[in-house]
Each structure stands twice: as C-alpha cells, then as structure tokens.
Amino acid sequence: MKWIGALAILLASGLVALIRLRWQREEASRLRSLMQSLRFLERGLSERQESLADLFRTLTEGTCPAVRTFYSQLFDSIPRLGEESFSSVWRRAVQNCFGDMQSGWRAQFAALGDELGGSELDTQIRALRGLSEELERRADESEQRWSERRKPTLGIALALGAFVVILLS
Amino acid sequence: MNSFRAALELMPGKYRSELQKLSDKHPEELRLRCGREPAASYGGREHALRLPPVDESDLRLILERATEGSLYRAAEAMRQGYYCCGPLRIGVCGAVTANRAGGGYRCVTSLAIRLSDEHRGVCEKAAGELYQSGFYNTLLLSPPGGGKTTALRDIIRLLSDGGTRLGVVDERGELSDRVFSLGRCTDVISGTDKLSGAMLLLRSMNPQVIAMDEISAPQDTEAVRKIFGCGTGLLATAHAASVEDLARREIYRELLTERVFTRTLTIYNDGGVRRYEVGRLGA
C-alpha cells in the first residue's frame, strides 16, 4: 500500500508539472494564432481594403478556439453597431477570450479596438503591424521559456513528490 | 433587398419606427442634416418629419453601418462626394479637410440617402426608338435626382436582354450589377475611371454598345470620343434639364458640335411622375 501511495504522489506531481507545461505551450500557441490573425487583418486592409465584417467572418474559421470565438463575437456585433460602440465590444471580447492569459500585451491589444474601423487606413495598418510584431516576440519568448523549463519543471516536480513520499514514510 | 428597407437598417433606432410609416409613400430620398429634423422626398418635394433633430453621432452611425464598421472603405468615395452601398447612394456633405486626409471631412454635417429600386420597363417604349438598323448614340438628360441612373439601368437591361452586347463602365459601383439586373448580355467593369474602363472593354469584351453614368469631367468626354472613334455604340447620362441647358456647358458643347450623340432621352418629373421623351440631335 505504501508503494502504491508513493507512486500516486509521484504521478500527481508529474501530472501537475505536465499541466503547467501544457498551459504554457497553449499560451504560446494562442499568441501565435492571434499574431497570425492580426497579420491577416493587416493584409486585408492594406492590399484589398476589405470590410472588417468580411475579415472577421473569415477569421471565425481559424484553428485556435479562443481566436475563433473572439472574432465570432466581433462579427456578430457588426449588425448592431450603434447599440454599443465597436471599441467596447472589442474590449469585452478581449477580456472574455484572453482574460486568463498573461496580461503584458492585453492592454495594447484592447486599445486596438479604438483604432479599427476608422477612416484613416494607414493608422490602422501601423497599429496592426506593431501589435503583431509584439505578439510574435511574446510567442517566441513563451516557447523558449517552455523548452528551457520543460525538463527542470518535470524534474523538480518529481523530486518534490519523492520528498513528500520520504516525509510521509 | 428593397432600398427603403436597406435605408431603415442604417438608421438610428429613434427614427426607425416613424420612418417605417413612410413606406407606402415610396420616398426617393432621405435627408439628414445636423440640427434639423430628418426629411424625406416624395411626390416631387421634400417633407420634414416630426422627429428629434439629427446630430453628428447619428450621421457617423449611419456611415459606420453602411460601411460595416469600416469607414476607410468609404474614404475615397466620400472624397468624390458619395458612397454607394447596395441599392443606396449616400451623398456626404460637411467641413472638408485641407489635405483631404481620411474620409476628406473634418466633420460630416449632412447625408442625402438616395433610394434606388429597379423600375423595369419604364423606358421600354423609349428604348424602342433608340435602335433601328443600329443603336443611336444616346444621352440621357435630367437634373440631379431626376432618375437618369434608374433609366440607364432599364435601357441597358432592355437592350441586353434583346441580344445586344453591352459593356458597362460602372466607375463608382452605382449601377451595381450585384444588386440590379443589367441583362443577360452585359459585361461590367467597375472601380476604374471611364477612359480606362472603356479601353479595357473595347480590347477584351467586344461590346456593341458601351454604357456609362454621368459624363461630367473632361476625362469623361475623352473616353466618349475614344469610344466614338471605334465605332461602338454609346449610352451615357448627363446633368441637364434639356438640350439647351446642355449646350450652355463647354464639355457638352464640343460633343454636340462633333455629333457624337444623335439621340437624347430627356426625363421630366411632373410631381413625382416621370415622363421619358426621345429627341434627335443634329438632324
């Protein structure tokens, strides 16, 4: 029984470590999907001057669920412009879909909603470009952190688990 | 979609239910001016409506809805004075910015929303007089808001469904073949100036007649001359109440002297009822 208990503790610590690593990896993946969606918006505006509604509709078919949901909320709000400002719809969607992520970039991303849809195209393109570069940088950092910490995190978790086993025995 | 319903969808909520009651009056235009009640044109004149005065945020909301939240799409069109959105043509007026940045307006102070619906067959009788052994180069005349574009669409469709190959230069998307039927033998080029569009059509689509709306600038008359020189038929519109009115303006006077057009179709508006008369030029 003792050995079963010890094994359970070790497995639990390993699982916690894996969940944490997976969360970090998903965060990097979400940042990257978001960065790609901003690049898509930038191209749509600069090359074809497409409407935001058309661009958002295309982005509702992306692969990342959080990014899909984000653009679905924006697309659904377009026919109701005037009942609520686009800027506040954007901020709410950012909070709903990305509120659980690290906040360093969220304020800048939320402020993008104040720019999009206006009459000055160059300002919007510049804001999209700047933010997509920032997100790419953060996604790279997040992935690097994940690959550097993967083995130590797992090692430390298992060591802690072993320590708990020793203490209890 | 019916143009009146399309216009209602753009309106702020405070105006919709009252405007809805106008549907049986078949308004041709809705006017919104900052600080004034909204107004509607029907029966040949403008009627002020008993509604709260318009403010700048109402006008901005209408433009945002018309552009699906993308004002930048309307920027270039607004610099020319209006934006086409489905069956609607939204004229824009306001304080123009010095460098024409953005949409070209520091603030928008009024909108004129022209409602266009398809009126099939209004020019059927007149169209019969424009084609015998060949198509007579024709100029449609009326003052602004007189129904030239509606008549042009109808004639294009009638000729096209009769088997004539039409090429249409739809510079600002106002003829809008995605919303209105322009006939089974019609090719449309849009988003380009009339001269470039006409040359593209002549080179690639072998039209028998080329149609365009609003000849109003010297480069438009250059396009007309180029088409005339190629032996392709011409159908166009011009702002003028009559041939005499036309002849007072230099760009049209040259076309009249050169006998580019041999027929006119003048549109008269008698208290909201339109009458179409074919005339001969330079007989």
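Structure shown above.
Just so it is clear, the model here is predicted, and its values are computed rather than measured. (Residues numbered from 1 in each chain as written. Chains lettered and ligands numbered in written order. Predicted model: local features only at pLDDT ≥ 70, side-chain atom pairs only at ≥ 80, totals over all residues. Heavy atoms only, no water.)

Student: Could you give an account of the overall build of chain B, with specific residues and numbers?
Tutor: Counting its regular elements, chain B contains 10 helices and 13 strands. For chain B, whose C-alpha radius of gyration is 19 Å, the value lies close to the compact-globule estimate of 19 Å for 283 residues. Seen along its three principal axes, the alpha-carbon backbone of chain B occupies a region of about 55 × 40 × 35 Å. Burial status across chain B gives 50% buried among its 283 residues. Taken as a whole, chain B presents about 13,100 Å² of accessible surface, with 46% of it coming from carbon and sulfur. Of note, chain B has its 39 positive side-chain charges centred 1 Å away from the centre of its 36 negative side-chain charges. (Helix = DSSP H or I, 4+ residues; strand = E, 2+ residues; numbered from the N terminus. Rg over C-alpha atoms; globule rule 2.2 N^0.38 Å. Buried < 20%, exposed > 50% of the residue type's maximum accessible area, 1.4 Å probe, protein only. Areas by Shrake-Rupley, 256 points an atom, 1.4 Å probe, with all protein chains shown as cover. Lys, Arg positive; Asp, Glu negative; His and termini not counted. Charge placed at Lys NZ, Arg CZ, Asp CG, Glu CD.)

Student: So what about empty space enclosed by the protein? Which residues, and what values?
Tutor: Applying the stated criterion across every chain, the model contains 4 cavities of 30 Å³ or more. Taken as a whole, the largest cavity holds about 100 Å³ of empty space. When grouped by side-chain class, the residues that make up the lining of the largest cavity number 3 nonpolar, 1 polar and 7 charged. (1 Å grid on protein atoms, 1.4 Å probe; cavity = no way out; pocket = protein on both sides within 12 Å on 5 of 7 lines; lining within 4 Å. Points joined across faces, edges and corners; volume = space filled by probe spheres on them. Nonpolar A, V, L, I, M, F, W, Y, C, P; charged D, E, K, R; others polar.)

Student: Hey, could you go over the sheet that holds strand β11 (residues 233–239) of chain B for me, with residue numbers and the actual values?
Tutor: Residue and element names in this part refer to chain B. Read from one edge of the open sheet, 7 strands run β9-β8-β10-β11-β7-β12-β13, paired in mixed fashion. Strands at the two margins of the open sheet, each flanked by one partner only, are β9 (186–190) and β13 (273–280). Going from strand to strand, the sheet's axes swing by 20° on average, the running direction of each strand aside. Two strands pair when backbone bridges link them, and strand β12 (residues 263–270) and β13 are joined in this way by 8 bridges, in the antiparallel orientation. Directly across from D270, in β13, lies its bridge partner V273. Across the sheet, helix α6 (residues 148–161) is in contact with β7 (138–142), β8 (166–170), β9, β10 (209–212), β11, β12 and β13; its angle to β11 comes to roughly 165°. Sheet strands in contact with helix α7 (residues 194–204) are β8, β9 and β10, and its direction is about 155° off that of β8. (Pairing = 2+ DSSP bridges. Axes fitted to C-alpha atoms, helices over the stretch in contact; angles between N-to-C directions. Contact = heavy atoms within 4.5 Å.)

Student: Explain the packing of α7(B) against helix α8 (residues 218–229) of chain B residue by residue, including any values.
Tutor: Residues and elements named next belong to chain B. Running from amino to carboxyl end, α7 crosses α8 at an angle of 20°, the nearest separation of the two axes being 8 Å. Taken together, the axes of α7 and α8 lie roughly parallel to each other. In terms of crossing hand, the pair formed by α7 and α8 is right-handed. Between α7 and α8, the contacting residues are K194, L195, A198, M199 and L202 on the first element and Q219, D220, E222, A223, K226 and I227 on the second. Taken together, the residues of the contact of α7 with α8 break down into 6 nonpolar, 1 polar and 4 charged. (Parallel < 35°, antiparallel > 145°, perpendicular 65-115°, else oblique. Left-handed = near helix turned anticlockwise from the far one by under 90°.)

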